[in-house]
Amino acid sequence: MKSQEVRAKFLDFFKSKQHDIVPSAPMVLKNDPTLMFTNSGMAPFKEYFLGNATPKNNRISDSQKCLRVSGKHNDLEEVGYDTYHHTMFEMLGNWSFGDYFKKEAIAWAWELLTEVFKIDKDILYVTVFEGDEKDGTKMDQEAYDLWKQYISEDRILMGNKKDNFWEMGEQGPCGPCSEIHVDIRSAEEKAKIDGKSLVNEDHPQVVEIWNLVFMQYNRKANGSLEGLPSKHIDTGMGFERLCMVLQGVQSNYDTDVFTPLIREIETITGIEYDKDEKIDIAIRVIADHVRAVAFSIADGQLPSNNGAGYVIRRILRRAIRYGFTFLNQKEPFIYKLTETLSHQMGAAFPEIKKQTTLVHNVIKEEEQSFLRTLDQGLLLLDKVIEDTKEKTVSGKKAFELYDTYGFPLDLTQLIAREKGYEINEEEFKAGMKAQKDRSRAASASETGDWVTLVDDDVEEFIGYDTLTANVKLTRYRKVTTKKDGDQYQLVFNMTPFYPEGGGQVGDKGAIEAPNGDVIYITDTKKENNVIIHFAKNLPKNLGDTFKAIVNDEFRKLSASNHSATHLLHQALRAILGSHVEQKGSLVSPKHLRFDFSHFSKVDKSQLQEIEEFVNARIRENLPLIEKRNIPMQQAIDEGAMALFGEKYGDSVRVIRFGQSIELCGGTHVQKTGDIWYFKIKSEGAVAAGIRRIEAITNIAVGDYFEDIERNYTEVKQVLKNPKNLTKSVVALQDENTNLKKQLEQLLKDKAKNMKGEIKNQLQEVNGVHFIATKVDLDPNSIKTLLFELGGEVENLFILFASSASPEKAMLTCYISKNLANDRGYDAGKVVRELGKYIHGGGGGQNFFATAGGKNPGGIPKVLEKAIEYIG
């Protein structure tokens, strides 16, 4: 059964059970402070499990893209080495939000597996939660009794808390689960060892295929459990593993989910799969990782140096490294796999087809960059090994290579072993642990339980219409972090505070108590559909009615910049082309940042045209036309632009200024004239095919023009207030150019005069014409002088020292090529080693090299030591 058919049969089955079939949510999470990536099928539905929102249908089914490479769920190191772990995978799932429970979930799972997919009942095992004394939970007798109707009791196994109790996190909804395992070993192997003894023992052919989670508890901050008011079903089945079973193969990588990619890797590299274990691991790693990276980019997350972007970069670099080491790929090649991936998965996930060009270009650029880094790292590693006296290389140095160049330990070990060296692993691990401890300490936090004051199912946001309101505090919790100390998160029955989202920063402001006390709101965010207000203190009387006041200046400037991003988006599409799509934004009171897809630099004339386009819309004073809570399809039919990778509900809000129509939840000006003026500050590349414009509006533009006026006035005063400032600056530049030419000629003349002096001072040492002296010349003149002397004097060894300032020293070494080649003299080694006396370093070729430093006081010692290099 082909993988496309497997996916379709699963979804059709649950559609027949009255489930709504929903598309996969983006794998990259943008507005969830607790997760970087969607790591399970239930992640997009957290707000329903927590009771913070109500789904349109209490029964949902989907195939969700998931990524497990960080945090609690991290399968990265297993990928490639076994046949069933992946970074990105599809999780087939069915969900019930307070509707059906264990009876239906178990019955339907068995029906689908054994009757629809025709999996032999005799190769299946199920596990049931055995209970946990510490939590005070008993064995899940209800699930056990239900399973007895379908499978013999000797195939129902008890599972401990680790394997059979699923939790969303350290706090929140949780519950016992039943896992379904499949044994696809041969009959001979089954005869030797009973399958039940291999369940949950990491056997590659006895694997978990489906997990049925019975969400019935809430884990509190103190670790205790309390019953949920409504019970839910959360199931997750590994699509790739299901395909392995149904296609009768022994590895996920032998299914048609992966074989097209593996065949393409074989074609590109000319290396066959299934011939050598190390090569097979490398090919599996690359086939897996390209999926994770490509879909992350398509979902809006570009590789970068921090956060989720760093995770994606790390995955890609891991794949590049395996190709470099084991497949001998010294040039970019992984990007070529994106076409195969798009063709293979584009029908089920149209985003990968739509974003193929972007994905292709970003991966190619990342490959080129890291391959250059690999070369640099290899040179440094060679130096480290060269400087190692024993046969064990410092683990600290290996960690520096990892930390600075992304050089994994196994690559460093491989190269070291080839040269007869070992790496001190304990030192490396100590460095890694120290880094993780620092990171963990910096992000460590303690979050208390919610204290509920008033039962309130719906928290209403009223901030589009007012910046003040009388509100009641419905719940709060205490949060402690190393960075911010103790804070409180407050939730009100209604709020005018806009929570961070859609690129716009959260509102700030205050709440006033009836007695006049003021609690300042430092930030506003949204978590699982709840608007959370951050404050350093709690009100004294929690039951009071408070006056919520949004900082109107902060909001006004944010709204000005947000509306400007809509006009900018319209301008970019009108001037650069309809291929332009928004890829990210930041909207704050001070400035705006807008990332967009475009494959070349935006030139000055285009930037001016874009700026004029936006300002023309501002001068037109276009009114805000807002439509709230309209059906998504209606909004699209009316021409609204949806931003790819954003999560939209069934009902949406549409913002229109003239011909600019977008789906948006942010705050905006009432008319474009309120923006006052739009000014682009910079344009540049973020990644291959992604450009970034940074701009300002409103008060910031006024400050910008005042700053220009002030600088203009100061320059005029320095130039004695000329009538024509431009003409005066050009004349000054011309004069400076002429003076430079005169200075260069004087230095050349000085060098010529010095050449004779240097010749007269040369000593003959061991058949070498040698001198080490300090000269008062610039670097270019020194180089010219040295090469002229080299053409006139044989067997030359010269070291010049110079000092352009009290904080800057330079060494330049020239050695005749015959000496360098025949006697092994090395100018690069000379300046590297002598450079330590001037607190610097450098390098170059064996016949010419330079070094710079910040301690001219070390020059006498350098000149004294130089002669020691003539042996």
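Above this text sits the structure in question.
Described below are features of the structure shown in this document. (Residues numbered from 1 in each chain as written. Predicted model: local features only at pLDDT ≥ 70, side-chain atom pairs only at ≥ 80, totals over all residues. Heavy atoms only, no water.)

**Some points on the packing of helix 10 (residues 307–326) against helix 13 (residues 356–386)**
Direction vectors running N to C along helix 10 and helix 13 enclose 65°, while the axes themselves pass 10 Å from each other. As helix 10 runs across helix 13, the sense of the crossing is right-handed. Counted together, Arg313, Leu316, Arg317, Ile320 and Phe324 of helix 10 and Ile363, Glu366, Glu367, Phe370, Leu371, Leu374 and Leu378 of helix 13 form the full contact between these two elements. Residues belonging to the contact of helix 10 with helix 13 are distributed by class as follows: eight nonpolar, no polar and four charged. (Axes fitted to C-alpha atoms, helices over the stretch in contact; angles between N-to-C directions. Helix = DSSP H or I, 4+ residues; strand = E, 2+ residues; numbered from the N terminus. Left-handed = near helix turned anticlockwise from the far one by under 90°. Contact = heavy atoms within 4.5 Å. Nonpolar A, V, L, I, M, F, W, Y, C, P; charged D, E, K, R; others polar.)

**A few points about the packing of aromatic side chains**
With the rule as written, the count across this model stands at 31 aromatic pairs. Ring geometry for Phe45 and Tyr48: centres 6.2 Å apart, planes at 15°, overall stacked. When the centroid spacing of 4.7 Å and the interplanar angle of 45° are considered together, the rings of Tyr253 and Phe258 count as tilted. Looking at Phe258, the relative accessible area reads 0%, which means it is buried. Following the ring pairs from residue to residue traces out a cluster consisting of Phe45, Tyr48, Phe49, Trp95 and Phe97. Here the guanidinium or amino end of Arg475 rests over the ring plane of Trp450, the centre of that ring lying 5.1 Å away. Its guanidinium or amino end placed over the ring of Phe847, Lys817 lies 4.5 Å from that ring's centre, counting from NZ or CZ. (Phe/Tyr/Trp six-rings, centres within 6.5 Å; stacked < 30°, edge-to-face > 60°. Buried < 20%, exposed > 50% of the residue type's maximum accessible area, 1.4 Å probe, protein only. Lys NZ or Arg CZ within 6 Å of the ring centre and 35° of its normal.)

**What to know about the sheet that holds strand 30 (residues 690–697)**
Strands sit in the order 24-25-30-29 across an open sheet of four strands; the sheet is antiparallel. Every other strand in the sheet has two partners, leaving strand 24 (582–587) and strand 29 (678–687) as the edge strands with one partner each. Within this sheet the neighbouring strands show an average axis-to-axis angle of 15°, counted without direction. Sitting on the sheet, helix 17 (residues 552–575) touches strand 24, strand 25 (592–597), strand 29 and strand 30, and the angle it makes with strand 25 is about 25°. (Pairing = 2+ DSSP bridges.)

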